[in-house]
Every structure is written in C-alpha cells, then in structure tokens.
Amino acid sequence: WATLTHIGGIFFGFLPALIVYLVLKDRGPFLAAHAKTALNFQLTMLIGYVVGFILTFVLIGVIVLIAVGIVIIVFSIIAAMKANAGEYYSYPLTIKFIK
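Residues numbered from 1 in each chain as written. Predicted model: local features only at pLDDT ≥ 70, side-chain atom pairs only at ≥ 80, totals over all residues. Heavy atoms only, no water.

Draft legend 1. Expanded view of the overall build of the chain. Secondary structure assignment for the chain yields four helices and zero strands. Ordering the α and β elements of the chain from the N terminus gives α-α-α-α. For 99 residues, the compact-globule formula gives about 13 Å, and the C-alpha radius of gyration of the chain, at 14 Å, lands near that figure. By its C-alpha atoms, the chain is 45 × 25 × 20 Å across when sized along the principal axes. Per-residue burial for the chain yields a buried fraction of 36% across its 99 residues. Summing over all exposed atoms, the chain offers an accessible surface of approximately 5900 Å²; the carbon and sulfur share of this is 77%. (Helix = DSSP H or I, 4+ residues; strand = E, 2+ residues; numbered from the N terminus. Rg over C-alpha atoms; globule rule 2.2 N^0.38 Å. Buried < 20%, exposed > 50% of the residue type's maximum accessible area, 1.4 Å probe, protein only. Areas by Shrake-Rupley, 256 points an atom, 1.4 Å probe, with all protein chains shown as cover.)

Draft legend 2. Molecular detail of the packing of aromatic side chains. Going through the model one piece at a time under the given rule, you end up with six aromatic pairs. Taking the centre distance of 5.3 Å and the plane angle of 80° together, the rings of Tyr89 and Tyr91 count as edge-to-face. Taken together, the aromatic side chains of Phe41, Phe75, Tyr89 and Tyr91 make up a single cluster linked through ring pairs. Its guanidinium or amino end placed over the ring of Tyr21, Lys25 lies 4.6 Å from that ring's centre, counting from NZ or CZ. (Phe/Tyr/Trp six-rings, centres within 6.5 Å; stacked < 30°, edge-to-face > 60°. Lys NZ or Arg CZ within 6 Å of the ring centre and 35° of its normal.)

Draft legend 3. Focus on the packing of helix α1 (residues 2–12) against helix α2 (residues 15–24). Close contact between α1 and α2 brings their axes to 7 Å; oriented N to C, the two are set at 140°. With respect to α2, the element α1 is oriented oblique. Across from Thr5, Gly8, Gly9 and Phe12 in α1, the residues of α2 making contact are Leu15, Pro16, Ala17 and Val20. Residue classes in the contact of α1 with α2 are distributed as five nonpolar, three polar and no charged. (Axes fitted to C-alpha atoms, helices over the stretch in contact; angles between N-to-C directions. Parallel < 35°, antiparallel > 145°, perpendicular 65-115°, else oblique. Contact = heavy atoms within 4.5 Å. Nonpolar A, V, L, I, M, F, W, Y, C, P; charged D, E, K, R; others polar.)

Draft legend 4. Examining the nonpolar core more closely. Listed in full, the 10 residues of the largest apolar core are Ala2, Ala17, Val20, Tyr21, Leu24, Leu31, Ala35, Ala38, Leu39 and Ala83. Of all the secondary-structure elements, those providing two or more residues to this core are α2 and α3 (29–55). Discounting chain neighbours no more than four positions away, the residues touching Leu39 are Phe14, Ala17, Leu18, Tyr21 and Ile98. With eight residues, the next largest nonpolar core counts Phe41, Met45, Phe75 and Tyr89 among its residues. (Core = buried A, V, L, I, M, F, W, Y, C linked by side-chain atoms within 4.5 Å.)

Nothing here speaks to function; it is all geometry.
Here it is, written out as structure tokens:
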C-alpha cells in the first residue's frame with residue numbers, strides 16, 4: 001500500500017495519500033509514515049500548481065507548471081522504490097502539514 005500511495009500521487013494528486021492516511025494508517029507505522037509523507041508532498045505540490053496557474057498570466061507560470069509536474073513524477077517514483085524496498089523516505093521541498 002505504501003508503494004501505491006506514492007504512485008497514485010502521480011495520477012490522482014493528493015487523493016490516494018489522503019485515502020490511505022485516513023483509512024489504512026492504523027495498519028502500522030511504516031504505512032502511516034509513508035502516507036503522511038506522500039500527503040505532505042502532494043499538498044505542497046498542489047500549492048506549486050496554484051502558484052504556477054496564477055503566474056501563467058505573467059507567462060512564467062507555464063514553466064512552473066511543467067517543473068512541478070516533473071518534480072512530482074521523479075520524486076514519487078523514487079519514494080515508491082524506497083517504499084517497495086521497505087525503507088522510509090522523506091521528500092525534499094516539502095512543507096510538513098501533517099506531523
């Protein structure tokens with residue numbers, strides 16, 4: 001489930017992490033930690049998307065939107081690989097909304 005939480009973030013944003021956090025966090029500290037980490041990262045990237053959308057009126061927002069999309073793909077794949085290997089992972093560039 002931890003691996004799917006990170007991979008789901010690529011396609012569905014923060015929803016898979018939120019669902020896993022709310023429903024499955026009691027299955028153990030490993031899954032709870034990955035769900036929190038993924039949820040914090042996806043919420044931070046949602047803020048990045050909103051800022052990028054606002055900045056599209058200044059034309060630099062398109063670059064921000066592309067950069068946020070690439071960051072989500074790359075770091076989610078790295079986190080999924082760590083979760084699959086049974087290791088903990090902490091995303092860089094993340095605001096800790098849920099502690």
